[in-house]
Amino acid sequence: MQQTAILLLHCPDKLGIITEITKFITDNNGNIVYLDQYVDKIDGRFFMRVEWELDNFAIPAEKISEYLETLYGQRYEMEFKLSFSSKKPRMALFVSKMSHCLYDLLARYNAGELDVEIPCIVSNHEDLRYVADQFGIPYYVWSINKDWSNKQEVEKAEMDLMKEKQIDFIVLARYMQIISEEMIRKFPHNIINIHHSFLPAFIGAKPYHQAYQRGVKIIGATSHYVTSELDAGPIIEQDVVRITHKDTPETLVLKGKDLEKIVLSRAVKKHIERKILTYHNKTIIFS
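## Side note on helix α1 (residues 17-27)
Turning to step 1, where the next piece is worked out: When α1 is considered as a whole, its buried residues turn out to be Ile-17, Ile-21, Thr-22, Phe-24 and Ile-25. Summarising the axial view, the buried residues of α1 lie within an arc of 150°, below the 170-degree limit, and thus occupy one face.
Turning to step 2, where the next piece is worked out: Next to the buried residues of α1 lie β1 (4-12), β2 (31-40), β3 (45-53) and α2 (64-76).
Turning to step 3, where the next piece is worked out: Backbone geometry just downstream of α1 places Asn-29 in the positive-phi region, at approximately 70°.

## Focus on the sheet that holds β3
Turning to step 1, where the next piece is worked out: Strand order in the open sheet made by the four strands is β2-β3-β1-β4, with antiparallel pairing throughout. Among the strands making up the open sheet, the edge pair consists of β2 and β4 (79-84). This sheet shows a mean twist of 10° between the axes of neighbouring strands, independent of strand direction.
Turning to step 2, where the next piece is worked out: Packing against the sheet, α1 makes contact with β1, β2 and β3, and its axis sits at approximately 15° to β3.
Turning to step 3, where the next piece is worked out: In the packing of α2 onto the sheet, contacts are made with β1, β3 and β4, and the angle to β4 comes to roughly 160°.

## Digging into the sheet that holds strand β11 (residues 235-242)
Turning to step 1, where the next piece is worked out: Ordered by their spatial adjacency, seven strands build an open sheet running β7-β6-β5-β8-β9-β10-β11, and the pairing between neighbours is mixed. Both outer strands of the open sheet, β7 (139-141) and β11, are each paired with one neighbouring strand and no more. Strand after strand, the sheet turns through a mean of 20° between neighbouring axes, direction not considered.
Turning to step 2, where the next piece is worked out: Bridge analysis of strand β10 (residues 218-225) against β11 gives seven bridges, and the strand direction is antiparallel. Bridge pairing in β11 places Ala-221 opposite Asp-239.

Analysis parameters
Residues numbered from 1 in each chain as written. Predicted model: local features only at pLDDT ≥ 70, side-chain atom pairs only at ≥ 80, totals over all residues. Heavy atoms only, no water. Buried < 20%, exposed > 50% of the residue type's maximum accessible area, 1.4 Å probe, protein only. Helix = DSSP H or I, 4+ residues; strand = E, 2+ residues; numbered from the N terminus. Arc of directions from axis to C-beta. Contact = heavy atoms within 4.5 Å. Pairing = 2+ DSSP bridges. Axes fitted to C-alpha atoms, helices over the stretch in contact; angles between N-to-C directions.

As structure tokens, then:
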């Protein structure tokens, strides 16, 4: 396949931005293979994703960002991120004791659905080592004391591992620990969580039991980027399933687990494909 450059950008909405960017690409012999844009009329903000082939492109890949910043950064007050299809993202999976999301992601990875590398799986329990062994992925365990007295030490070890493995983003596949602000700062909008409710409803622990007690008629799952505020980061993907008065907390958990796998995999795939832009506490998801 042709190697491509992928540009995600946002800036105040002004006349001529699309023309300028596409002209920059075509004038330098780039063949555009994808373009999608959106204008937030309330904030007056322009968002765009454009992808073009690098064969015969006049500017070396390592210089493109410099050109974009010089030509458009200050002129359009533009914030942008440039990536390349040749660079396969490196994803770390964090898990605790529940295997459903881990199995689903690894099965999709094994089937070639996720164009990503998985150098490691990190956990606070030994329980899922057998899953990692089945897929031949190194499994690391750091147990956290109940009083959190060693949490800082554990996170330092985890961050050292992330650096060693050159991890680009982290997926919390039902990792039942709070991530520190320091780690969040190291991976801004690059830690993806799955929460077992339709946020902002039922934040925190045991959301299915909360849903049962409230008598809701639908339950949901939400995948979002992790921020310092619990379960309040930019939402990437959500879905719901209908329930009835006949459901119990146990059946809600079973139905919810199926939903969690689907919602998390969709979010991870969009992230891998570089189709997400975050702005304030929202996401723009390109098709």
